[in-house]
Amino acid sequence: MNAFQQDIVDFLAAETPLTAEDLAPLVETPKDSKMGDYAFPCFRLAKELRSAPPKIAAELAGEFAGTALVTSAEAAGPYVNFRLDRTAYCEAVLAAPAAPATDGAGQTIVIDYASPNISKPLAYHHLPSSCIGWSLKRIFTHLGYETVGINHLGDWGTTHGKVIAAIRRWGRDLDLETADIAALNALYVRFNEEGDDDEGREWFRRLEEGDPEARELWQHAKDISVRELDEMFTRLGISFDVVKGESEYIEDCEAVIGDLEGKGLAEISEGALVVRLPDEDAPPL
């Protein structure tokens, strides 16, 4: 029991023939909060006191003088409804998170939140993910779990081939040491308006194959983005245990593909290696 319930049970134990152990399970929360914070049904006392529950409720409410935690009691038919001191209640609620918890001892929870794309500004739709993920991480950490917060950056794909192509076309004068995400995004937007998609795909192919120029320009764009994103998350008071992009898993792809082929899960379809998901309403991977 909390201290508020304990005050109510102590009062009832002093005024009725039931013990505190008998009374504690009977104290409940009213379905309608307008009735009070806690309620005690007097049906159990009817036989003990040989009296009607509404009469017992009225008598108990009349005897209650209040405590530091519970301010008043009033009868509502066969129930005694108790109201709590709001200041004491708020103080108890605010102090509750300070109490240690061990619910998650020995268990690990991994939470992926934020996950923006590089070379693009942090957008409003990243805020719910960031704030909810960070809040969940703090809650589970308080509950005793080992938590790992991950920011999984979108830093791979044809988009980044377009950024590279745009820098080569119009960003030669761009100071990659002082540039910001807005400048990179402006180049990306311009490429989508004026550039050639095949050129973007070609530069992403070069990036995948480790072309030195492609890798250097891509790394510059990533460094600029991470620097600015870090500043924004710091302002939000949000942090991560791990920051990794899609690019960091490229070296694992061949092993995963080989594993899928070895298990007979992959097949050739229209010139591409795919994995079908028969139980999913989705196209093959």
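Each chain has its residues counted from 1, following the order in which its sequence is written. Restriction of local features to residues with pLDDT of at least 70 applies here, the model being predicted, together with a cutoff of 80 or more for giving and counting side-chain atom pairs; totals for whole chains, interfaces and linings are based on all residues. Each side-chain value is worked out from all heavy atoms of the structure, with water and hydrogens disregarded.

Once that is clear, we can look at the overall build of the protein chain. On a plain count of helices and strands, the protein chain comes out with 11 helices and eight strands. Computation of the radius of gyration draws on C-alpha atoms, with the globule rule given as 2.2 Å multiplied by the number of residues to the power 0.38. Its C-alpha atoms give the protein chain a radius of gyration of 32 Å, clearly above 19 Å, the size a compact globule of 285 residues would have. For the C-alpha atoms alone, the extent of the protein chain along its principal axes is close to 90 × 50 × 35 Å. Buried residues are those whose accessible area, probed at 1.4 Å on protein chains only, stays under 20% of the maximum for their type, while exposed residues exceed 50% and partly exposed ones sit between those limits. Across the 285 residues that make up the protein chain, the buried fraction comes to 33%. Within the structure as shown, the protein chain displays about 17,000 Å² of accessible surface, and the carbon and sulfur contribution to it stands at 52%. Within the protein chain, the 51 negative side-chain charges are centred at a point lying 3 Å from the centre of the 26 positive side-chain charges. A helix here means a DSSP run of H or I that spans at least four residues, while a strand means a run of E at least two residues long, and both kinds are numbered starting from the N terminus. Residue burial considers only the protein chains on display, and all accessible areas are found by Shrake-Rupley using a 1.4 Å probe. Charge assignment: positive for Lys and Arg, negative for Asp and Glu; neither His nor the chain ends contribute. Think of each charge as sitting on NZ of Lys, CZ of Arg, CG of Asp or CD of Glu.

With that out of the way, let us pick up the packing of aromatic side chains. Two rings from Phe, Tyr or Trp (for Trp, the six-membered ring) form a pair when their centres are within 6.5 Å of each other. A pair whose planes differ by under 30 degrees is stacked, one over 60 is edge-to-face, and the rest are tilted. Across all of its chains, the model carries 11 aromatic pairs by this definition. Both rings, one in Phe11 and one in Phe64, keep their centres 4.9 Å apart while their planes meet at 80°; by these two values the pair is edge-to-face. Here Phe64 lies in the loop between helix 4 (53-63) and strand 2 (70-76) and Phe11 lies in helix 1 (residues 3-15), a separation of 53 residues in the sequence. We note that Phe11, like Phe64, is buried.

On to the packing of helix 9 (residues 197-208) against helix 10 (residues 212-236). The N-to-C vectors of helix 9 and helix 10 enclose an angle of 95°; their axes lie 8 Å apart at closest approach. It follows from the interaxial angle that helix 9 and helix 10 lie roughly perpendicular. Of the residues in helix 10, those touching helix 9 at Trp203, Arg206, Leu207 and Glu208 are Glu213, Ala214, Arg215 and Trp218. Axis definition: a line fit to C-alpha positions, over the contact stretch in the case of helices; interaxial angles, taken between N-to-C directions, run 0 to 180 degrees. Orientation is classified from the angle alone, with under 35 degrees giving roughly parallel, over 145 giving roughly antiparallel, 65 to 115 giving roughly perpendicular, and any other angle giving oblique. Residue contacts are counted whenever heavy atoms from the two residues lie within 4.5 Å of one another.

Any carboxyl oxygen of Asp or Glu that lies within 4 Å of a side-chain nitrogen of Lys or Arg is treated as forming a salt bridge with it. In total, this model carries 15 salt bridges according to the counting rule given. Residues Glu74 and Arg83 are paired through a salt bridge, measuring 3.7 Å at the closest nitrogen-oxygen approach. On the basis of relative accessible area, Arg83 is assigned to the partly exposed category, the value being 28%. When the shortest N-O distance is used, the salt bridge between Glu199 and Arg169 registers 2.9 Å. Linking Glu199 in helix 9 with Arg169 in helix 7 (residues 158-170), this pair joins segments that are 30 residues apart in sequence. Residue Arg169 is classed as partly exposed on the basis of its relative accessible area, which comes to 39%.

As summarised here, the arrangement of the three strands in space is 4-5-6, forming an open sheet in which the pairing is parallel. Each edge of the open sheet is held by one strand with a lone partner, namely strand 4 (108-112) and strand 6 (242-245). Neighbour-to-neighbour, the strand axes of this sheet turn through a mean angle of 25°, independent of strand direction. The pairing criterion for strands is at least two bridges between them, as found by DSSP. For strand 5 (residues 146-153) and strand 6, the ladder comprises four bridges, and the chain directions are parallel. In the sheet register, Asn151 faces strand 6, and the bridge partner there is Val243.

This brings us to a nonpolar patch on the surface. Patches draw on residues past 30% relative accessible area with no salt bridge. Two like charges within 9 Å are joined, as are two nonpolar side chains (Val, Leu, Ile, Met, Phe, Trp, Tyr) within 5 Å. A contiguous nonpolar surface patch, about 400 Å² in accessible area, is contributed by Tyr124, Leu127, Met232 and Leu236. Counting through the fold element by element, Leu236 comes out in helix 10. Taking relative accessible area as the criterion, Leu236 reaches 37% and is therefore assigned partly exposed.

The subject of this paragraph is helix 9. Given the number of residues in a helix, its expected span is that number minus one, multiplied by 1.5 Å. The terminal C-alpha atoms of helix 9 lie 17 Å apart, and with 12 residues this matches the ideal 16 Å at 1.5 Å per residue to within 8%. Of all the residues in helix 9, the buried ones are Glu199, Gly200, Trp203, Phe204 and Leu207. Considered in projection along helix 9, the buried side chains sweep an arc of 135° and stay on one side of the axis. Packing partners of the buried residues in helix 9 comprise helix 7, helix 8 (181-194) and helix 10. For this analysis, a polar contact is any N or O atom pair within 3.5 Å, provided that within protein one partner can donate a hydrogen and the other can accept it, and provided that sequence-adjacent residues contribute only side-chain to side-chain pairs. Sitting at the head of helix 9, Asp196 places a side-chain oxygen 2.9 Å from the backbone nitrogen of Asp198. By definition, the arc is the one covered by directions from the helix axis to the C-beta atoms.

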